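# Structural overview
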Amino acid sequence: MGELILVRHGETEWSRSGQHTSYTDLPLTAHGEEQARAVAPLLADRPIGLALVSPLQRALHTAELAGIKNARITPDLHEWDYGGYEGITTDEIHLTRPDWDLWTDGVAPGPAEHPGESPAEVGARADRVLAEADAALRAGDDDVVLIAHSHFLRALTARYLGLPASGGALFVLDTGALARLGREHGRPVLTAWNSVAEPTAH
């Protein structure tokens with residue numbers, strides 16, 4: 001049975017500045033493109049049976065630069081909808097809500113088209129992705145790759161390990177980093193986390 005491989009997109013201007021970025025469709029920075037290319041050698045020897053990617057350009061471009069072929073756009077992989085906190089940093093939120101924590105409190109309501117999500121709602125999306133990934137893993141020996149976003153992939157990891165989505169607070173995933181989720185004696189485990197290769201400019 002293969003492993004579930006998670007890839008966080010490369011750097012954007014807002015990931016560099018710490019601004020919450022869900023539906024704002026920012027491109028990768030030049031450094032983010034280098035990070036995405038550096039993912040390729042981490043995957044070079046892995047047989048990939050299924051690749052799913054967020055619809056946002058930062059994830060799509062990362063998949064392309066990392067050499068991940070035939071990735072299927074999967075809306076459930078989009079980042080946590082930050083609602084009224086889109087584009088806002090945690091430090092700025094703490095000015096008015098000093099005890100605020102995304103993982104337990106969720107976000108402030110946003111516009112009608114982006115009202116924001118609770119941790120449980122993000123967890124429900126993660127469960128749907130995990131169900132599809134699990135079916136593919138059980139069907140063969142190849143890996144499944146997900147190319148998406150930090151907070152969503154952290155919540156998904158928590159759900160994979162049997163934790164509530166809020167357990168994603170325990171896992172930091174840097175831009176351009178890769179993680180692997182597998183099994184030991186039938187139990188879900190982390191087999192690698194926050195792995196990065198040295199970017200090389202092209």
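Up top is the structure these notes are about.
I will try to describe carefully the structure that is included in this document. (Residues numbered from 1 in each chain as written. Predicted model: local features only at pLDDT ≥ 70, side-chain atom pairs only at ≥ 80, totals over all residues. Heavy atoms only, no water.)

### Description of the sheet that holds strand β2 (residues 48-53)
Heads up, the rule is: When DSSP finds two or more bridges between a pair of strands, those strands are recorded as paired. We count a stretch as a helix when DSSP gives it H or I for four or more residues in a row; a strand needs E for two or more, and each element gets its number in order from the N terminus. Between two residues, a contact is recorded if the distance between any of their heavy atoms is within 4.5 Å. Here an axis means a line fitted to C-alpha atoms, over the contact stretch when the element is a helix, while the angle between two N-to-C directions is reported on a 0 to 180 degree scale.
If you walk across this open sheet you meet the 6 strands as β3-β2-β4-β1-β5-β6, and the pairing is mixed. Edge positions in the open sheet fall to β3 (72-73) and β6 (187-195), since each of these has one partner strand only. Sheet topology note: the strand β1 (residues 4-8)/strand β4 (residues 143-148) ladder contains 5 bridges and is parallel. Its bridge partner lying in β4, Leu6 is registered against Leu146. Most of the contacts of helix α3 (residues 57-65) go to β4, to which it runs at about 135 degrees, and overall it touches β1, β2, β3 and β4. Each of β1, β2, β3, β4 and β5 (178-184) is contacted by helix α6 (residues 119-139), which is oriented at about 155 degrees to β4, the strand it contacts most.

### As for the pairing of β6
Summarising the sheet, β5 and β6 pair through 6 bridges and their orientation is antiparallel. By the bridge assignment for β6, Glu184 is matched with Arg187. From the end of β5 to the start of β6, which pair antiparallel, there are 2 residues, and His185 there has a positive phi angle of about 55 degrees.

### Section: the nonpolar core
Here is the rule: To form a nonpolar core, buried Ala, Val, Leu, Ile, Met, Phe, Trp, Tyr and Cys residues must be joined to one another through side-chain atoms within 4.5 Å. Relative accessibility thresholds used throughout: buried, under 20% of the residue-type maximum; exposed, over 50%; partly exposed, between the two (1.4 Å probe, protein chains only).
Core analysis: the largest hydrophobic core is formed by 32 residues, its most contacted members being Leu4, Leu6, Leu146, Phe152 and Leu156. Mapped onto this core, the elements with two or more residues apiece are β1, β2, α5 (102-105), α6, β4, α7 (150-160) and β5. In terms of residues, this core owes the most to one element, α6, which gives 6 residues. Beyond its immediate sequence surroundings of up to four residues, Phe152 is in contact with Asp76, Leu77, His78, Glu79, Trp80, Val122, Arg125, Ala126 and Val129. Counting 13 residues, the second largest nonpolar core, distinct from the first, contains Val7, Ala59, Ile147 and Leu178.

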